[in-house]
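# Remarks on the overall topology
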Amino acid sequence: MVPIVGAVPELAGLGAGWRPEISGWVADRPGLGFCEVIAESLAPAVPPRGVVELRERGTAVVPHGIRLSLGGTDPLDPARVTHLAACATALQAPVVSEHIAFCGAGGLEAGHLLPVPRTRAALDVLAANVRRTQADLDVPLALEPIASFLDWPDDEFTEADFLTELVERTGALLLLDIANVYANAVNRDRDPRTALDRMPLSRIAYVHIAGGAEHVDDPGIYHDTHVDPVPEPVLTLLTELVDRIGGAPPVMLERDGRYPPAAELTAELDRIAAAAGLITTAR
Amino acid sequence: MGDPLLRRYDHDQRGAAEELAIRQAELVAALVGGAADPPGFDVERLDATRRALLRKRAGEAAKVWPMLAASFEKKWPAVFGEHRSGHPPVGALRDGWDVALALREAGRLTPDAADELAAQEADLRYDGVSAPTPRRWRRLRHTVFRRGRA
C-alpha cells in the first residue's frame, strides 16, 4: 500500500464542522487541526468572530459549499462561484469543497442535495461546471459524493467509476464522506468495504464523518442525518480506510443539529481519533 | 469546426444535456412539486426521499419559527409535512409562515406561536407569494409624521 502524503498539506489531524451553535466547543477543543465552515452562511468581508479567532490561532478553515449545484443542468450561478472564491480568499483556505449533486431544476429548488444520474451526459455537465468553478478559485477544489438512497434508472456507471472519471477529467480532489460511503452501501445491501476499494482514494483531500439513523417512517433505510451519533460500523469503516491508505487522513466530524452537551461531542471526536489511529491531545 | 463528425458530436452532447435537464426537472417536480413520479424510479425510495426532504425543511423552518415548532414538540415535522407536502420549498421563513397562517386559520396556534406570527407580521409584509419585505413604509410614514409635528 502506497502511503498518501496529504493532497492538501495544510490539513492534518482531527477537524470539526464549525457551526454557530457549537462555536464555543470548537474553540475550546485542544489540538483541532482544521475546521470547515458552510460557505453559504459566511460573509467573506465579516466572517464570524469565532472563525477569525481560529484562523488567528493558525487553524486551517475550509469553506464548504452546499448550494452550487455542480451537477445541475441549470447554468451555474456566477455569483455563487464568486462567493466561494471570496470565502477561500478571506479565510486563506488551503482548499474549498462542494458536492457532486444538484439542488434544483426547472425553476424549482429541492431544498437539499439530490443525486445526479451516473451517465455520460451528467459527467459532461459536472465536469464543465467543476472546471468553471476551478477557473475562479486560487486553491484546489475537493468534490464530495453525497449520501443518497435513490437511484436513477439511467445509471451507466458505478459510483466509484463515475467519481474516478470525474476527478481524472477535472483534476479535482476528493472529499470522502465515510458515512456517505457506508449509507450508500448499506441502503443497497452492499458491503461498504468493497465500495471503498474502488474509490480514487489517492485523491483524498480530507474526510467527513457524521452520524445517522433509521427513521421510523422509513424502516430499512439508513439516513445520513448529521444529528445522531456516529454509529460503530461507520467508525470501523474509517479504520478500514486508514488501513487502505496507510495512515490517517485529515478527518472531521459534521454535526448539524440536535447538538449534545460538549462532553458528548468531545467523546465522539475521541472515538473518531481512536478509529483513525490519531493521538488525541484532548484531556 | 467544419468537421461533420465533430458537429454531430456537439449536437449529440447538447441533445443529451437537454434530455438530462428535462429528467432533472421531472424528478424535482415529483419530489417537491406534487407532480407525477418519473418512470423507472423505485416508488418507495421516491416516497422516502420526499419525506426526508420535508423533514429537512421542517428542521430549517423550526430555526426561524421556534415557538411554532416547539408548540407541536415531536409532531412538528408531521404538522409541517401536512401543510407543505407538494409545495416546493420557498425558504425557511416563508415555509414556516405558510404553515403558521394555515394553522391560525384552523385555530390551532398556541398563544406563543400566535405571538411569534404577530411579531413577524409587525416587522415584515408577506403577500403569500413572494419574499417578505420590511414594513419600511410604515416606519417612514411614522418618522415623517412625527417630524411634521415637531
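Structure: see above.
What counts and how
- Residues numbered from 1 in each chain as written.
- Chains lettered and ligands numbered in written order.
- Predicted model: local features only at pLDDT ≥ 70, side-chain atom pairs only at ≥ 80, totals over all residues.
- Helix = DSSP H or I, 4+ residues; strand = E, 2+ residues; numbered from the N terminus.
- Buried ≥ 20, exposed ≤ 12 C-beta atoms within 10 Å, placed from the backbone.
- Contact = placed C-beta atoms within 7 Å.
- Nonpolar A, V, L, I, M, F, W, Y, C, P; charged D, E, K, R; others polar.
- Pairing = 2+ DSSP bridges.
- Expected span 1.5 Å × (residues − 1).

Bringing the overall build of chain B into the picture now. Scanning chain B from terminus to terminus reveals 7 helices and 2 strands. Each helix and strand of chain B, ordered N terminal to C terminal, gives the series α-α-α-α-α-α-β-β-α. Looking at chain B as a whole, 25% of its 150 residues are labelled buried. Here the analysis covers contacts within chain B between residues at least 6 apart in sequence; of these, 41% occur between residues at least 24 apart.

To continue, consider unusual backbone geometry. Residues and elements named next belong to chain A. Although it is not a glycine, Ser 69 adopts a positive phi angle of roughly 60°. Within the fold, Ser 69 resides in the loop between strand S3 (60-64) and helix H3 (78-90). The exposure class of Ser 69 is buried, given the 27 C-beta atoms found within 10 Å. With phi around 65°, His 226 is a residue other than glycine that occupies positive phi space. Here His 226 is to be found in the loop between strand S11 (218-223) and helix H8 (232-245). You can call His 226 partly exposed: it has 19 C-beta atoms within 10 Å.

Before going further, it helps to spend a moment on the interface of chain A and chain B. Every contact between the two is made by 24 residues of chain A and, on the other side, 28 residues of chain B. Of all the elements in the fold, those that place two or more residues in the side of chain A that touches chain B are strand S5 (102-105), strand S6 (108-114), helix H4 (120-136) and S11 of chain A. The leading source of residues in the side of chain A that touches chain B is S6(A), at 5 residues. Residues of the side of chain A that touches chain B, tallied by class, amount to 11 nonpolar, 8 polar and 5 charged.

All names here are of chain A. Along the chain, Ala 263 turns up in helix H9 (residues 262-276). Here Ala 263 falls in the exposed class, since 9 other C-beta atoms lie within 10 Å of it. Separated by 238 residues in the primary sequence, Ala 263 and Trp 25 place their C-alpha atoms 9.1 Å from one another.

Moving on, we get to the environment of A:Ala248. Residue and element names in this part refer to chain A. Its place among the elements puts Ala 248 in the loop between H8 and strand S12 (251-254). A sequence separation of 177 residues divides Ala 248 from Gly 71, and the C-alpha atoms of the two residues are 30 Å apart. Each residue touching Ala 248, except ones within four places of it in the same chain, is listed here: Val 242, Ala 276, Gly 277 and Leu 278.

Now for the pairing of strand S9 (residues 204-210) of chain A. Within a regular strand, the side chains alternate between the two sheet faces. All names here are of chain A. Burial of S9 is extensive: 7 of the 7 residues sit out of reach of the surface. Sheet analysis places strand S8 (residues 173-177) next to S9, joined by 4 bridges and oriented parallel. The residue of S9 that forms the bridge with Leu 175 is Tyr 206. Across 4 bridges, S9 lies against S12 in parallel orientation. Counted as the bridge partner of Val 207 is Val 251 from S12.

Helix length check: helix H2 (residues 43-64) of chain B (22 residues) gives 32 Å between terminal C-alpha atoms against 32 Å at 1.5 Å per residue, within 8%. Along H2(B), the positions that sit buried rather than exposed are B:Ala48, B:Thr49, B:Ala52, B:Leu53, B:Leu54, B:Arg55, B:Arg57, B:Ala58, B:Glu60, B:Ala61 and B:Ala62.

Residue and element names in this part refer to chain B. With respect to the helices, strands and loops of the structure, Pro 111 is situated in helix H6 (residues 111-123). Taking the number of C-beta atoms within 10 Å as the measure of exposure, Pro 111 has 9 and is therefore exposed. A C-alpha to C-alpha distance of 9.4 Å links Pro 111 and Met 67, two positions 44 residues apart in sequence.

Moving on, we come to helix H5 (residues 92-105) of chain B. Residue and element names in this part refer to chain B. With 14 residues, H5 extends 20 Å from end C-alpha to end C-alpha; this agrees with the ideal 20 Å at 1.5 Å per step. Turning to H5, its buried residues number three or more, namely Asp 95, Gly 96, Trp 97, Val 99, Ala 100 and Leu 103. Structurally, H5 contributes buried residues whose contacts are with H2, helix H3 (66-72), helix H4 (76-84) and H6. Just beyond H5, the residue with positive phi is Gly 107, at close to 70°.

The quantities given are spatial measurements derived from coordinates; they are silent on function.
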